[in-house]
Amino acid sequence: QVQLVESGGGLVQAGDSLRLSCAASVPTFSIYAMGWFRQPPGKEREFVATISRSDGITYYADSVKGRFTISRDNAKNTLYLQMNRLRPDDTAVYYCAAGTSSSTLRSGGARYWGQGTQVTVSS
């Protein structure tokens, strides 16, 4: 059983930065593609970014491209999301997810989910 625990959320002002972390309790972290998703208030969960298992290929939603950076440290079993130039419409609960491939994650086929961390951006 894989357990994913997000941290790093909070309340910030527009233009600020935050870094989210997702710690995975699994010895084989490197075999999973990882991703970040978010659920804005009153809306459905949406894709933010994914990163492949070992070669670090990344994909981003158009809304965050150029502002957010996904990365992973396989030695620490940790996934990151660096969020810069935050905007009020980035307000959401952010979830990390693990799956067999980046494409599977983007199509909604995550195998494991974290419990989420709240990010609130004030104007």
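Anything mentioned here points back to the structure above.
Quick caveat, the model's predicted, so the values are computed rather than measured. (Residues numbered from 1 in each chain as written. Predicted model: local features only at pLDDT ≥ 70, side-chain atom pairs only at ≥ 80, totals over all residues. Heavy atoms only, no water.)

Asker: Just checking my understanding: could you explain the sheet that holds strand E3 (residues 18-24) for this structure?
Answerer: Think of a sheet as strands paired side by side through backbone hydrogen bonds, with each pair either parallel or antiparallel. One open sheet holds the 4 strands; their spatial order is E1-E3-E8-E7, and the pairing between them is antiparallel. The sheet is open, and its two borders are formed by strand E1 (4-7) and strand E7 (68-73), each paired with just one other strand. Strand-to-strand, the axes of this sheet are offset by a mean angle of 15°, without reference to chain direction. Both E3 and strand E8 (residues 78-83) contribute to a ladder of 6 bridges, which runs antiparallel. Each residue of the ladder has a partner; that of Ala23, found in E8, is Thr78. (Pairing = 2+ DSSP bridges. Helix = DSSP H or I, 4+ residues; strand = E, 2+ residues; numbered from the N terminus. Axes fitted to C-alpha atoms, helices over the stretch in contact; angles between N-to-C directions.)

Asker: Even after reading the chapter, I still don't get unusual backbone geometry, so can you show me in this structure?
Answerer: As a rule of thumb, non-glycine residues mostly have phi less than zero, and peptide bonds are mostly trans rather than cis. In the Ramachandran plot, Asn77 falls in the positive-phi region, its phi being about 55° despite a non-glycine side chain. Tracing the chain through its elements places Asn77 in the loop between E7 and E8. Under the relative-accessibility criterion, Asn77 is labelled buried at 17%. (Buried < 20%, exposed > 50% of the residue type's maximum accessible area, 1.4 Å probe, protein only.)

Asker: Hey, could you run me through the nonpolar core in this one?
Answerer: Considering soluble globular proteins, one finds that nonpolar side chains tend to be buried as a cluster. Core analysis: the largest hydrophobic core is formed by 31 residues, its most contacted members being Leu4, Trp36, Leu79, Leu81, Met83 and Tyr94. Those elements that provide at least two residues to this core are E3, strand E4 (33-39), strand E5 (46-51), E7, E8, strand E9 (92-99) and strand E11 (117-122). Met83 has contacts with Asp16, Ser17, Leu18, Leu20, Arg67, Phe68, Tyr94 and Val119, leaving out every residue within four places of it along the chain. One finds Ala33, Ala97, Leu105 and Ala110 within the second-largest nonpolar core, a separate group that totals 5 residues. (Core = buried A, V, L, I, M, F, W, Y, C linked by side-chain atoms within 4.5 Å. Contact = heavy atoms within 4.5 Å.)

Asker: How do you make sense of the packing of aromatic side chains when you look at a structure like this?
Answerer: Describing an aromatic ring pair means giving the distance of the ring centres and the angle of the ring planes. Enumeration according to the criterion identifies 4 aromatic pairs in this entry. Taken together, a centroid distance of 6.1 Å and an interplanar angle of 65° make the contact between Phe37 and Phe47 edge-to-face. In this pair, Phe37 is assigned in strand E4 and Phe47 in strand E5, connecting sequence segments 10 residues apart. When the centroid spacing of 5.1 Å and the interplanar angle of 65° are considered together, the rings of Phe37 and Trp113 count as edge-to-face. In this pair, Phe37 is assigned in strand E4 and Trp113 in strand E10 (residues 112-113), connecting sequence segments 76 residues apart. Taken together, Phe37, Phe47, Tyr95 and Trp113 form an aromatic cluster joined through their ring pairs. (Phe/Tyr/Trp six-rings, centres within 6.5 Å; stacked < 30°, edge-to-face > 60°.)

Asker: I would appreciate a short explanation of the side chain of Thr117 in the present structure.
Answerer: One can find Thr117 in strand E11. Looking at Thr117, its side chain comes within polar contact range of the main-chain nitrogen of Gly9, at 3.3 Å. When near neighbours in sequence (up to four residues on either side) are disregarded, Thr117 contacts Glu6, Ser7, Gly8, Gly9, Leu20, Ala92, Val93 and Tyr94. (Polar contact = N/O pair within 3.5 Å; in protein donor to acceptor, adjacent residues only side chain to side chain.)

Asker: Quick question: what am I supposed to make of the state of the cysteines here?
Answerer: Each disulfide is one covalent bond, formed between the sulfur atoms of two cysteines. On inspection of all chains with the given rule, the structure shows 1 disulfide. Bridging Cys22 to Cys96, the disulfide has an S-S length of 2.0 Å. Since a negative S-S torsion denotes a left-handed disulfide, the Cys22-Cys96 link at about 45° is right-handed. With Cys22 in strand E3 and Cys96 in strand E9, this pair connects stretches of sequence that are 74 residues apart. Across this residue pair, the class does not change: Cys22 and Cys96 are buried. (Disulfide = S-S within 2.5 Å.)

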